[in-house]
Amino acid sequence: MKIDFNGPIAATREIYWVGYFDKKSNLHCNPYLIIDEPDIIFIDPGSIPHFPIVMRKVLELVNPEDITYIVAQHQDPDVCGNLAVVEDIIGHNELQIVAHSYCIRLIRHLGLRSKFYPVDKHDYFLALKSGRRLEFMFTPYLHSPGAIVTYDTKTKSLFTSDIFAAISANWSLFAEGDFLSVMDPYHQIYMPSNRILKQCMERFDKMDIERILPQHGSILEGEQIKLAIEHLKALPCGIDLFEEAFA
Ligand SMILES: [Fe+2]
Ligand SMILES: [Fe+2]
């Protein structure tokens, strides 16, 4: 079945990809919505240039006024550059922006007026009104000092922001073909070292994960998860590749 990338796409019954499929780009951004009424969570809402298309897809699924949380997993412009305009569309004072304190210190300069929910001051979890729990894990320097990942305990889905990101001219939302080597360039450029990436992979290894939803590249499911973790455990990146320059 051919997937229509012009509309929102369900990853599970409650998790939707609402990204912009840019045929000309080899780096796609993946914002996601978790619909868990009465809460709606918008994860890594994205950039200003992508805003019109992302918001159109959000509108196909929900009333933006019903969005209760935005999770900004790190501070990059492709992750949360549109926060101030998204906030305006949501337009209510109950909205909370969920992020690590190290990230909040920087993104407040986007001119935000919502309340922040610093995960590190809330034992790294958020209890939704339904009883569902979102758990957060601090992944410093991967690739931002205030980076977090988000684990939805109900569906065992791990939203990893730039970790497991891929650059590919043949992008597909669900991983297929060679989904491992396309992750190399992004991690080699943006992740600081194998040492810290490997440590993170060892933590993921111990988790019960059914799907990984990165902010770039493809959603990984089932056996792909273990393969991707093992692949990144062994990948030299960042400073590893420039050691000679520092010698
Ligand atoms: Fe990033
Ligand atoms: Fe990114």
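Just above sits the structure.
Residues numbered from 1 in each chain as written. Chains lettered and ligands numbered in written order. Predicted model: local features only at pLDDT ≥ 70, side-chain atom pairs only at ≥ 80, totals over all residues.

S.K.: Would you mind going over the packing of helix H6 (residues 194–205) against helix H7 (residues 223–233) with me for this structure?
M.R.: A pair of packed helices can be characterised by two numbers: the angle between their axes and the separation between those axes. Contact pair H6 / H7: the axes reach a minimum separation of 8 Å and the direction vectors enclose 155 degrees. One element, H6, and the other, H7, form an angle in the roughly antiparallel class. The handedness of the crossing between H6 and H7 comes out as left-handed. Contacts from Leu197, Lys198, Met201, Phe204 and Asp205 of H6 reach H7 at Ile229, Leu232 and Lys233. By residue class, the composition of the contact of H6 with H7 is 5 nonpolar, no polar and 3 charged. (Axes fitted to C-alpha atoms, helices over the stretch in contact; angles between N-to-C directions. Helix = DSSP H or I, 4+ residues; strand = E, 2+ residues; numbered from the N terminus. Parallel < 35°, antiparallel > 145°, perpendicular 65-115°, else oblique. Left-handed = near helix turned anticlockwise from the far one by under 90°. Contact = placed C-beta atoms within 7 Å. Nonpolar A, V, L, I, M, F, W, Y, C, P; charged D, E, K, R; others polar.)

S.K.: Could you clarify how one ought to interpret the sheet that holds strand S7 (residues 115–118) in this entry?
M.R.: Across the sheet, 7 strands lie side by side as S1-S2-S3-S4-S5-S6-S7; this open sheet has mixed pairing. Since the sheet does not close on itself, it has two edges, and those belong to strand S1 (9–10) and S7, each with one partner. The pairing of strand S3 (residues 32–36) with strand S4 (residues 39–43) spans 5 bridges and is classified as antiparallel. Residue pairing across strands places tyrosine 32 opposite isoleucine 43, the latter belonging to S4. (Pairing = 2+ DSSP bridges.)

S.K.: When you look at the sheet that holds strand S11 (residues 157–161) in this model, what are you seeing that I'm missing?
M.R.: Strands in a sheet are paired, the pairing made by backbone hydrogen bonds, and the direction either parallel or antiparallel. Strand order across the open sheet formed by 6 strands is S8-S9-S10-S11-S12-S13, with mixed pairing between neighbours. Unpaired on one side and paired on the other, strand S8 (125–127) and strand S13 (220–221) mark the two borders of the sheet. With 3 bridges connecting them, S8 and strand S9 (residues 133–138) associate as antiparallel partners. By the bridge assignment, alanine 127 is partnered in S9 with arginine 133.

S.K.: So what exactly am I meant to see when it comes to the pairing of strand S6 (residues 96–99) here?
M.R.: Side-chain positions along a regular strand alternate between the two faces of the sheet. As paired strands, strand S5 (residues 69–71) and S6 are joined by 3 bridges and run parallel to one another. Its bridge partner being in S6, isoleucine 70 is matched across the sheet by isoleucine 97. Summarising the sheet, S6 and S7 pair through 4 bridges and their orientation is parallel. Bridged to alanine 99 within S7 is proline 118. Between S6 and its parallel partner S7, the chain crosses via helix H4 (residues 101–107), and the hand of that crossover is right-handed. (Right-handed = clockwise from strand over helix to strand, strands pointing away.)

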